[in-house]
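Geometric and topological summary
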Amino acid sequence: IGGTGALAEGTGIGGTGILAQGTGIGGTGSLAGRDGERLGIVGRITGFGSIWVNGLEVEYDRNIPVERYDTEIDASGLAEGQVVEVVAVNDNGVMRAEDIGIRYEVIGPIQSLSQDGKELEVLGQRVILVSDTVLPGSWPEGAASSSIVRVSGFRDSRGSILASRVEFGSADDPAHLIGRVGTTAGSLTVSGLPVQMPGGADSLRSGDIIRVSGSTGNGIFEASSVKPYSADLFATRVDRYLVQAMIVSRGGGGSINLGGMPFKVKGAGDTRATGMMNDRPMLFMGTAARGGHFRLQRTAPSPSLRRSSPSPGSIDLPGPERRMQRSPSIPTSRPGRTQDGFGGYLGR
């Protein structure tokens, strides 16, 4: 992206360096990936065939282990609406996954549920069900108080989670939370929730993004595992990031912060980004730099998951799931096809 750093209200991204509020990125091939390039992808699963994430189709071996909060499951545990963290390699224009992890923003018992079933509280976190949240088929009737749920989604500037998927968990699931470190009355908090940290957590600083797992009892979250996020985000080196996130604030030096991500996007603070906050996630392409900064190359709107009032009446989906409203069918296709989002990245 060129030097203006402006967030325009256009309908695409041209060659001016403007970040547009359009409907996707075209297939000019100006950022066509090179063979062997390793991509770090964070985003919501929107389809199968392989998996579709951020407008790209990523092939994976059916025997690939999938990480889920410090355990491994098989690929059959992947589902529409889950947010995943994927390391993929460009193999002559086809993205092939090396590692896949399911990213849950929060896992825990339901503490409260609104009468209309569209908002809930889990581990002190406000979860908002938006127009295309994927829900269990028995929602909200089966969502009794203390039911364990796993929530995938995106943090907004108020700290709320816009849910892309809510699924029922089990009593064996650990309490789990991704959030920003803070302090209250001298005690460490994660997204406002007091957390009793294990030894070795003294290096945590206010503002750090961390992933904690553990157990709850008597209103206390006792963490057994703490994993700080760094600007590397993945355990292995990646050449480029394709990240789905929400703009949560504008920082100093002309930067914007991404919700739930350890990135400050440089060169976008003197923009009309306010209108993009508290609306829906965006797609960000770039590379990581020192100090948690993100060298932005391109951006596009997410094709859906917009904050809005659900249409009356859910519909049944194939399998034990429901949506808040009817939406286009899930695409399946041959490798190399692309959807809205970063589909044009491959230059097809």
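1. Things to note about unusual backbone geometry
Phi at N54 is positive, roughly 55°, even though this residue is not glycine. Among the secondary structure elements, N54 is positioned in the loop between β4 (51-53) and β5 (56-59). Judged by relative accessible area, N54 falls into the buried class, the value being 5%.

2. A look at the side chain of R38
Looking at the element boundaries, R38 is found in strand β3 (residues 38-48). Taking the relative accessible area as the measure of exposure, R38 reaches 17% and is therefore buried. There is a polar contact of 3.1 Å between the side chain of R38 and the side chain of E98. With sequence-adjacent residues up to four places away left out, R38 is seen in contact with V87, A88, V89, E98, T236, R237, V238, D239 and R240.

3. Quick word on the pairing of β3
Successive residues of a regular strand alternate their side chains across the two faces of the sheet. Of all eleven residues that make up β3, ten are buried, and the element is covered over most of its length. Judged from the seven bridges that link them, β3 and strand β8 (residues 83-91) form a sheet pairing that is antiparallel. Each bridged residue has a counterpart across the sheet, and for L39 the counterpart in β8 is A88. Relative to strand β20 (residues 240-245), β3 runs parallel, the two being bridged by four bridges. Counted as the bridge partner of V42 is V243 from β20.

4. Comments concerning the pattern of salt bridges
Within this structure, the stated rule accounts for 19 salt bridges. Measuring nitrogen to oxygen at the nearest pair gives 2.8 Å for the salt bridge that ties E105 to R103. Relative accessible area serves as the criterion here: at 2%, R103 is assigned to the buried category. Where R155 meets E105, a salt bridge forms, and the shortest distance between an N and an O atom there is 3.8 Å. With R155 in strand β13 (residues 148-155) and E105 in the loop between β9 (94-103) and β10 (106-113), this pair connects stretches of sequence that are 50 residues apart. One network of salt bridges, with partners in common, ties together R34, E37, R237, D239 and R240.

Calculation criteria
Residues numbered from 1 in each chain as written. Predicted model: local features only at pLDDT ≥ 70, side-chain atom pairs only at ≥ 80, totals over all residues. Heavy atoms only, no water. Helix = DSSP H or I, 4+ residues; strand = E, 2+ residues; numbered from the N terminus. Buried < 20%, exposed > 50% of the residue type's maximum accessible area, 1.4 Å probe, protein only. Polar contact = N/O pair within 3.5 Å; in protein donor to acceptor, adjacent residues only side chain to side chain. Contact = heavy atoms within 4.5 Å. Pairing = 2+ DSSP bridges. Salt bridge = Lys/Arg side-chain N within 4 Å of Asp/Glu carboxyl O.

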